[in-house]
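# Coordinate analysis (summary)
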Amino acid sequence: MCFAIIAALFAQMLLHPKEAPDMKIKNVTVNGISLQGLTPEEAIQVLNQYATELLPKEEIVVKILDSTLVLTNEDTNAQLDISAMATAAYLHGRDNRTDGTKPLVLNPNDFVNLEASKIRPLLINFVQPFNGRPIETSVTISGDRPDLTKEPEEGESDQVLTITVGYPKYLCDPETLFRTILRAHKNRQLLIVGTTILIEPEAVSAAEIFYQHCVSPINATIDPDTHIITESVYGYGFDIQKFQLELNKADWGGILSRFLFPV
């Protein structure tokens, strides 16, 4: 029953005293405050006097991965819905769901409203670091490539291959997080763990890196018609299979450096 209906019943009582329903609250207390014998309007006046004391002093803790956001009553502009509390008290024993002869203790926690316009901007700022494109893996070559037409000396290496493994991003929708907070708060859950979607950087294969930045060996050939000889070229790079295993084990943001040797 909404407060407007209760107000209408008040009007009916004034207009038709003999037919007026019993408007007194029965067997209801709120944190030790008795509403026994009060009308809903009187209960609202009494509860308003204790609104500050009745408002739960609580914090909502929101966690996403290693980050934490603590929302205080000031952050959420938490307010007690005094009218709803008085209505619930009045309905005790009148809504066919409760026995009015048994005492009812109302919990103020069940009547706390949060202000959406205060919470949403805080959540948008909180999730901002998680939203964005992943950092892709980068490959750089430093040093000078040797003359590959000459047989390299054993152990010779003038170039270094450096791979900086990419880093993922975690997408978190602030509106979804907001709705999660409201549902959790309604169920008296004050610790909320936000969900994220992991966006990984594109996978990089050792073979792809080799063919883009290294040189495969080429055997000498002779043209059967012209008898022109194409000299052999030495390869320069790394062991693809071995390096792929190292890539698979690398941490996000890790750096792998390898000298390029004749192959």
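The preceding data block contains the structure.
Here we summarise the structure given alongside this text. (Residues numbered from 1 in each chain as written. Predicted model: local features only at pLDDT ≥ 70, side-chain atom pairs only at ≥ 80, totals over all residues. Heavy atoms only, no water.)

We now examine helix 2 (residues 40-49). Looking only at helix 2, the buried set comprises Pro-40, Ala-43, Ile-44 and Leu-47. Taken end-on, helix 2 shows its buried residues confined to a sector of 105 degrees, consistent with a single buried face. (Buried < 20%, exposed > 50% of the residue type's maximum accessible area, 1.4 Å probe, protein only. Helix = DSSP H or I, 4+ residues; strand = E, 2+ residues; numbered from the N terminus. Arc of directions from axis to C-beta.)

The subject of this paragraph is the sheet that holds strand 6 (residues 104-106). Strand order in the open sheet made by the 3 strands is 2-1-6, with mixed pairing throughout. Sheet topology places strand 2 (33-34) and strand 6 at the edges, where each strand pairs with a single neighbour. Strand direction decides the pairing type here: strand 1 (residues 28-30) and strand 6, joined by 3 bridges, are parallel. From the neighbouring strand, Val-28 faces strand 6, where its bridge partner is Leu-104. Of the strands in this sheet, strand 1 and strand 6 touch helix 5 (residues 82-91), which is tilted by about 170 degrees from strand 6. (Pairing = 2+ DSSP bridges. Contact = heavy atoms within 4.5 Å. Axes fitted to C-alpha atoms, helices over the stretch in contact; angles between N-to-C directions.)

Attention now goes to the packing of helix 6 (residues 116-127) against helix 7 (residues 174-186). Running from N to C, helix 6 and helix 7 point in directions that differ by 130 degrees, and their axes come no closer than 9 Å. Our classification of the angle between helix 6 and helix 7 gives oblique. Seen from above, helix 6 lies across helix 7 with right-handed handedness. Residues Ala-116, Ile-119, Arg-120, Leu-123, Ile-124, Phe-126 and Val-127 of helix 6 pack against Pro-174, Glu-175, Leu-177, Phe-178 and Ile-181 of helix 7. A class-by-class count of the residues in the contact of helix 6 with helix 7 yields 10 nonpolar, no polar and 2 charged. (Parallel < 35°, antiparallel > 145°, perpendicular 65-115°, else oblique. Left-handed = near helix turned anticlockwise from the far one by under 90°. Nonpolar A, V, L, I, M, F, W, Y, C, P; charged D, E, K, R; others polar.)

This next bit is on the sheet that holds strand 8 (residues 138-143). Ordered in space as 8-9-16, the 3 strands form an open sheet in which the pairing is antiparallel. Two strands in the sheet have a free side with no partner beyond their single neighbour: strand 8 and strand 16 (255-259). Between one strand axis and the next, the sheet turns through 20 degrees on average, direction left out of account. Where strand 8 and strand 9 (residues 159-164) come together, 6 bridges link them in antiparallel fashion. Residue pairing across strands places Val-139 opposite Ile-163, the latter belonging to strand 9. Strands in contact with helix 9 (residues 240-249) are strand 9 and strand 16; relative to strand 16, the strand with the most contacts, it is inclined by about 165 degrees.

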